[in-house]
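One-letter residues, chain by chain:
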Amino acid sequence: IARQNSAAASSPIVASWRRCMTMHNLAPEVAREPVRLSGGEFAAARERSMALVSEAQEELDRLFLTVGKSGCCLVLTDEVGAILEQRNMAGDERDFHRVGLGQGAVWSEASVGTNGSGTALADERSVMIFRDQHFLSANARLSCATAPVRDHRGQIAAAIDISTCRDDVNEMTLSILAQAVKDSASRIETNLFRRAFAGSRFVLVPTSSGSSAAILAVDRDDLILGATRAARLALKLDDARIAQGVPASDVLTENRGE
């Protein structure tokens, strides 16, 4: 389904291209603008994601200071791919406007095919989309590195994406950008978790990966109130078990005993 000599032969990209054709009825050669939210729809989307936008602002500003001058566009989308926040240098505005990157544009796979934000949200994992790995030929100038952001219950809430139209970008550069967005997504997740359980005691869960995002929120009786996605995976926790009021000491002991 992909150009045979393209990097699009990697399986996650092939899976995305198949979704674009079979689920979304898109064609690579047909240029299309991303769906755009109306003014009212955009305001409502911002309102729904108020906590996300608030907790992400500082991180977005910090990341943009690092990548902005290199011709990159930084965006934060909601869980359906609608761009809520955007950062780019004024001199790069025309390039990103041409491909439809702007607040209120919906960069889901259904809207514009395989792309960083849409594919990261669909696959629920970090992705790199390099030039002609994009499903639509019109987006082949773009290279994107994207990471999903999860809320305090471990559910997909957003995506943070760095895109560039530079011709000299290579896959090594994109890998560096991918690590930067993953780190930023992890910090935003931690911010969201601490906001949701403000006033609780936070316990860092030891994991084999050393993830700093594996955190429990516990009350004064040591009962678990919440757990990040990384902590849920490490300790085999879900909403039902958390609702039972399990002591943190019990699940941490179980984890060490495995």
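Residue positions are counted from 1 within each chain, in the order its sequence is given. Given that this is a predicted model, residues contribute local features only at a pLDDT of at least 70 and side-chain atom pairs are listed and counted only at 80 or more, while totals for whole chains, interfaces and linings are drawn from all residues. As a rule here, side-chain values cover all heavy atoms of the structure and leave hydrogens and water aside.

Here we look at the pairing of strand S9 (residues 215–218)
1) Next: Here's how the labels work: a residue is buried when its accessible area is under 20% of the maximum for its type, exposed when over 50%, partly exposed in between, all with a 1.4 Å probe on protein chains only. Secondary structure elements are defined from DSSP: runs of H or I of at least 4 residues count as helices, runs of E of at least 2 residues count as strands, and each element is numbered from the N terminus. Side-chain alternation along S9 places Ile215 and Ala217 on one buried face and Leu216 and Val218 on a second face that is also buried.
2) Next: Following DSSP output, two strands are said to pair if at least two bridges run between them. Bridge count for strand S8 (residues 201–204) against S9 is four bridges, and the pairing is antiparallel. The residue bridging Val203 from the neighbouring strand is Leu216, located in S9.
3) Next: Where S9 and strand S10 (residues 224–227) come together, three bridges link them in antiparallel fashion. When the bridges of S10 are listed, Ala217 appears paired with Gly226.
4) Next: Hairpin connection of S9 to S10: five residues between the antiparallel strands, including Asp222 at a positive phi of 75°.

Some details on the confidence of the model for the protein
1) Next: Scored from 0 to 100, pLDDT reflects the predictor's confidence in each residue. Overall, the prediction assigns the protein a mean pLDDT of 92, with 93% of residues at 70 or greater.
2) Next: Long-range and interchain partners of residues 1–8, a stretch whose pLDDT sits below 50, account for 17 contacts in this model, where long-range means more than four residues apart. Contact criterion: two residues are considered in contact whenever any of their non-hydrogen atoms come within 4.5 Å of each other.

Notes on the pairing of strand S3 (residues 83–87)
1) Next: For S3, the buried fraction is high: five of the five residues fall into the buried class.
2) Next: Judged from the four bridges that link them, strand S2 (residues 72–78) and S3 form a sheet pairing that is antiparallel. Each bridged residue has a counterpart across the sheet, and for Leu76 the counterpart in S3 is Glu85.
3) Next: The hairpin turn running from S2 into S3, its antiparallel successor, is four residues long, and Gly81 in that turn takes a positive phi close to 95°.

Remarks on the pattern of salt bridges
1) Next: We define a salt bridge as a contact between a side-chain nitrogen of Lys or Arg and a carboxyl oxygen of Asp or Glu at a distance within 4 Å. Under the criterion given, the structure shown has 15 salt bridges.
2) Next: Here Asp61 makes a salt bridge to Arg87, at a shortest N to O gap of 2.9 Å. With Asp61 in helix H3 (residues 50–67) and Arg87 in strand S3, the pair connects residues that are 26 residues apart, well separated along the chain.
3) Next: When its relative accessible area of 38% is taken as the criterion, Asp61 is described as partly exposed.

Side note on empty space enclosed by the protein
1) Next: With a 1 Å grid spanning the protein atoms alone, the term cavity applies to any set of points in which a 1.4 Å probe fits but cannot get out, the term pocket to an open set with protein on both sides within 12 Å along at least five of seven lines, and the term lining residue to any residue with an atom within 4 Å of a point. Grid points are joined across faces, edges and corners, and a volume is the space filled by probe spheres set on the points. Scanning the model with the defined rule gives two cavities of 30 Å³ or more in all.
2) Next: Put simply, the largest cavity is a space of about 60 Å³.
3) Next: Lining the largest cavity are Arg150, Asp151, His152, Gly154, Ser186, Glu189, Thr190, Phe193, Ala213, Ile215, Thr228 and Arg229.
4) Next: Among the elements that line the lining of the largest cavity, the one with the most residues is helix H7 (residues 171–196), at four residues.
5) Next: Gly is placed with the polar residues, together with every amino acid not listed as nonpolar (Ala, Val, Leu, Ile, Met, Phe, Trp, Tyr, Cys and Pro) or charged (Asp, Glu, Lys and Arg). Across the lining of the largest cavity, the residue classes tally to three nonpolar, five polar and four charged.
6) Next: Approximately 50 Å³ is the volume found for the second largest cavity.
7) Next: Along the walls of the second largest cavity sit Val75, Leu101, Trp107, Asn115, Gly116, Ser117, Leu142, Cys144, Asp161 and Ser163, which together make up its complete lining.

Some remarks on the packing of H3 against H7
1) Next: Viewed as axis vectors pointing N to C, H3 and H7 meet at an angle of 155°, and their least axial separation amounts to 9 Å. Classified by the angle their axes make, H3 and H7 are roughly antiparallel. Judged by the sense of rotation from one axis to the other, the crossing of H3 with H7 is right-handed. In this structure, H3 contributes Ala51, Leu52, Ser54, Glu55, Ala56, Glu59, Arg62, Leu63 and Val67 to the contact, and H7 contributes Leu177, Ala180, Val181, Ser184, Arg187, Ile188, Asn191, Leu192 and Arg195. Note on geometry: axes are lines fitted to C-alpha atoms, helical ones only across the stretch in contact, with angles between N-to-C directions running from 0 to 180 degrees. By definition in this entry, angles of less than 35 degrees are roughly parallel, angles greater than 145 are roughly antiparallel, angles of 65 to 115 are roughly perpendicular, and the rest are oblique. The handedness criterion is simple: a crossing whose near helix is rotated anticlockwise from the far helix by less than a right angle is left-handed, and one whose near helix is rotated clockwise is right-handed.

Examining unusual backbone geometry
1) Next: Of note in the backbone geometry, Glu124 takes a positive phi value of approximately 55° without being a glycine.
2) Next: By the element assignment, Glu124 lies in the loop between helix H6 (116–123) and strand S5 (127–130).
3) Next: Backbone geometry places Arg131, a non-glycine residue, at a positive phi of 45°.
4) Next: For Arg131, the location among the structural elements is in the loop between S5 and strand S6 (143–150).

Focus on the sheet that holds S9
1) Next: Sheet architecture is open: three strands sit in the order S8-S9-S10, paired in antiparallel fashion. Each edge of the open sheet is held by one strand with a lone partner, namely S8 and S10. Taking each pair of neighbouring strands and ignoring which way they run, the sheet shows an average axis angle of 30°.
2) Next: Strands S8, S9 and S10 of the sheet are contacted by H7, whose axis makes an angle of about 5° with S9.

Side note on the side chain of Asp222
1) Next: Of note, Asp222 is situated in the loop between S9 and S10.
2) Next: Apart from the residues within four sequence positions on either side, Asp222 is in contact with Arg201, Val246, Pro247, Ala248 and Ser249.

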